[in-house]
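# Reading the structure
As a plain string of letters, each chain reads:
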Amino acid sequence: MAEEDRLQLARDAYRAYETEDRSVLEELLSEDFTFFSPPDPGIDRETYFERCWPNAELIESFEFKRLVEAEDEVIVTYESRKTDGRRFRNTEVLRFEDGKICRTEVYFGWDLD
């Protein structure tokens, strides 16, 4: 897969949260998608949508600070603004397989406000 394709797919995944368009994210994630974060170590796709997708209501925007492709992964550092005005910064590693995101690892940053 071309570098710009993975980078664009990563951007599209975050835009899905900004626009609250779950169908976009459903299309981008593989059926065997796995999500890792400190409170959710290794949850499956269905559990991800149950636990994480509701946060789309709270997200206003993402500003990308870093989008780097490394082999089959895209490393994303972003600053996000919530609908209440608060901001935070995280880094995530998105792994791709067959044109889909098959794994996400979240490394929590800090609150900016």
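To be clear, the structure that these remarks concern was listed above.
Everything numeric in this text was worked out from a predicted model, so none of it was measured. (Residues numbered from 1 in each chain as written. Predicted model: local features only at pLDDT ≥ 70, side-chain atom pairs only at ≥ 80, totals over all residues. Heavy atoms only, no water.)

Within the chain one finds three helices and six strands. From first element to last, N terminus to C terminus, the chain shows the α and β order α-α-β-β-α-β-β-β-β. Its C-alpha atoms give the chain a radius of gyration of 13 Å, near enough to 13 Å, the size a compact globule of 113 residues would have. Referenced to the eigenvectors of the C-alpha coordinate spread, the extents of the chain come out at roughly 40 × 30 × 25 Å. A burial count over the chain gives 41% of its 113 residues as buried. (Helix = DSSP H or I, 4+ residues; strand = E, 2+ residues; numbered from the N terminus. Rg over C-alpha atoms; globule rule 2.2 N^0.38 Å. Buried < 20%, exposed > 50% of the residue type's maximum accessible area, 1.4 Å probe, protein only.)

Glancing now at the pairing of strand β2 (residues 40–44). As paired strands, strand β1 (residues 29–37) and β2 are joined by four bridges and run antiparallel to one another. In the strand pairing of β2, Phe35 is matched with Ile43. In this structure, the hairpin formed by β1 and β2 is closed by a connection of two residues. (Pairing = 2+ DSSP bridges.)

It is worth spelling out the sheet that holds β2 at this point. Taken in spatial order, the six strands line up as β2-β1-β6-β5-β4-β3 in an open sheet, and their pairing is mixed. Of all strands in the sheet, those bounded by a partner on one side alone are β2 and β3 (59–70). Within this sheet the neighbouring strands show an average axis-to-axis angle of 20 degrees, counted without direction. Inspection of the sheet shows strand β5 (residues 87–97) paired to strand β6 (residues 100–111) by ten bridges, in the antiparallel sense. When the sheet's bridge partners are listed, Arg95 is paired in β6 with Arg103. (Axes fitted to C-alpha atoms, helices over the stretch in contact; angles between N-to-C directions.)

This model, assessed by the stated rule, comprises nine aromatic pairs. An angle of 75 degrees between the planes, with centres 5.6 Å apart, marks the rings of Tyr14 and Phe64 as edge-to-face. Placement of Tyr14 in helix α1 (residues 3–19) and of Phe64 in strand β3 is noted, with a sequence separation of 50 residues between them. Between the aromatic rings of Tyr14 and Tyr78, the centroid separation amounts to 5.3 Å while the plane-to-plane angle is 55 degrees, which identifies the pairing as tilted. With Tyr14 in helix α1 and Tyr78 in strand β4 (residues 73–82), this residue pair connects regions lying 64 residues apart in the sequence. The two residues Tyr14 and Tyr78 agree in class, both being buried. Here a set of aromatic residues connected by ring pairs shows up, and it is made of Tyr14, Phe62, Phe64, Tyr78 and Phe88. (Phe/Tyr/Trp six-rings, centres within 6.5 Å; stacked < 30°, edge-to-face > 60°.)

To continue, consider unusual backbone geometry. Excluding glycine, residues mostly have negative phi values, and the peptide bonds linking residues are mostly trans. Here the phi dihedral of Glu20 falls at roughly 55 degrees; this positive angle occurs in a residue that is not glycine. Not every positive phi belongs to a glycine, and Glu71 is a case in point at roughly 55 degrees. Along the chain, Glu71 falls in the loop between β3 and β4.

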